[in-house]
Protein chains: 2
Amino acid sequence: MKNFSIKPIGFIRSDLRERDEAPRQGVEGAPNACVEVLPSYRNALHRMQVGDEIIVITWLHRAQRDVLKVHPRGERSRPLRGVFSTRSPDRPNPLGLHRVKVLKMNSGRLWVGPIEAIDGTPVVDIKPVLGSADS
Amino acid sequence: MKNFSIKPIGFIRSDLRERDEAPRQGVEGAPNACVEVLPSYRNALHRMQVGDEIIVITWLHRAQRDVLKVHPRGERSRPLRGVFSTRSPDRPNPLGLHRVKVLKMNSGRLWVGPIEAIDGTPVVDIKPVLGSADS
């Protein structure tokens, strides 16, 4: 089976340093953070604006890729579920989806939030929210 | 800059054969299609149910990865935008997000729709829609 190569286009800069201290979802008390886009990809931000609703796609580099079932939210009292019906970071391809608002922009830096990704998490894509298709 | 390896966990089986005939978004008249999950990942579907709203993440293997700006929807009359503020398939990491409903399930096959991905498109992740975080 052919694999593909996915490359960081930037990184999360956040006060959250450890996976254990990160909330499960952005809406559960996560801080704002900065998406630092690498210089070679900054042209891809053209016409993005403060106030835009975007989906930041991360590569959850600390996740375990060989896990297929988990107890939701790590609570052992909850029955096991397949990872494709949970938002567990542990999954075959550890992609994270984070719907956030652009709060401030400065050259290649986007301040966004709230976002539960930890400091240093690679960002692999950014997309605008589409009203009809995403909500 | 370190790259990561992303692997297909399944493939789209669809009557849409060519990128040119695919609608721009699923809600624009796309057909239903089947997500065929590879045998080694089928345990990750445990507890998924007909009626679930899910996000299928694809790897748009026919896309161009060196494009940073596009005319939205390929219309040259529309000014160029950075790909991170469009849903163009052409982008550094050609991930596609498709919010769909599970219409039928049969072992490792999920019938979902509407979805604009063409036949043979690799699927790299499946996540449940979270009411509060996605809509």
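Look above for the structure.
Since the model is a prediction, treat every value here as computed from it, not as a measurement.

For the rest of this paragraph, the subject is the pairing of strand E2 (residues 10-13) of chain A. Residues and elements named next belong to chain A. In this sheet, strand E3 (residues 33-37) lies alongside E2 in antiparallel orientation, the contact comprising four bridges. Residue Phe11 lies in a different strand from E3, and its bridge partner there is Glu36. Two strands pair when backbone bridges link them, and E2 and strand E9 (residues 122-128) are joined in this way by two bridges, in the antiparallel orientation. Residue pairing in the sheet places Phe11 in a bridge with Pro122 of E9.

To continue, consider the interface of chain A and chain B. Buried accessible area, meaning the area lost when the parts come together, often serves as the stated size of an interface. Chain A puts 55 residues into the contact, and the matching count from chain B is 55 residues. On the chain A side of the interface with chain B, the three residues burying the most area are A:Phe4, A:Phe84 and A:Arg87, jointly 16% of the side's total. For the interface between chain A and chain B, the tally reads two salt bridges. Across the salt bridge formed by B:Arg91 and A:Asp125, the nearest N and O atoms sit 2.9 Å from each other. For the side of chain A that touches chain B, the element with the highest residue contribution is E9(A), accounting for six residues. Each residue belonging to the side of chain A that touches chain B can be placed in one class, and the counts come to 31 nonpolar, 12 polar and 12 charged.

Let us look at the pattern of salt bridges. Summed over all chains, the structure comprises 16 salt bridges over all chains. B:Glu53 is the partner of B:Arg99 in a salt bridge, and the nearest nitrogen-oxygen pair spans 3.7 Å. Of this pair, B:Arg99 sits in strand E7 (residues 95-106) while B:Glu53 sits in strand E4 (residues 53-59), and the two are 46 residues apart along the sequence. Look at B:Arg99 and you get partly exposed, because its relative accessible area is 26%. Salt bridges sharing partners connect three or more residues here, namely A:Arg13, A:Glu36 and A:Arg109.

Parameters and conventions
- Residues numbered from 1 in each chain as written.
- Chains lettered and ligands numbered in written order.
- Predicted model: local features only at pLDDT ≥ 70, side-chain atom pairs only at ≥ 80, totals over all residues.
- Heavy atoms only, no water.
- Pairing = 2+ DSSP bridges.
- Helix = DSSP H or I, 4+ residues; strand = E, 2+ residues; numbered from the N terminus.
- Contact = heavy atoms within 4.5 Å.
- Buried area = accessible area lost by both parts, 1.4 Å probe.
- Salt bridge = Lys/Arg side-chain N within 4 Å of Asp/Glu carboxyl O.
- Nonpolar A, V, L, I, M, F, W, Y, C, P; charged D, E, K, R; others polar.
- Buried < 20%, exposed > 50% of the residue type's maximum accessible area, 1.4 Å probe, protein only.

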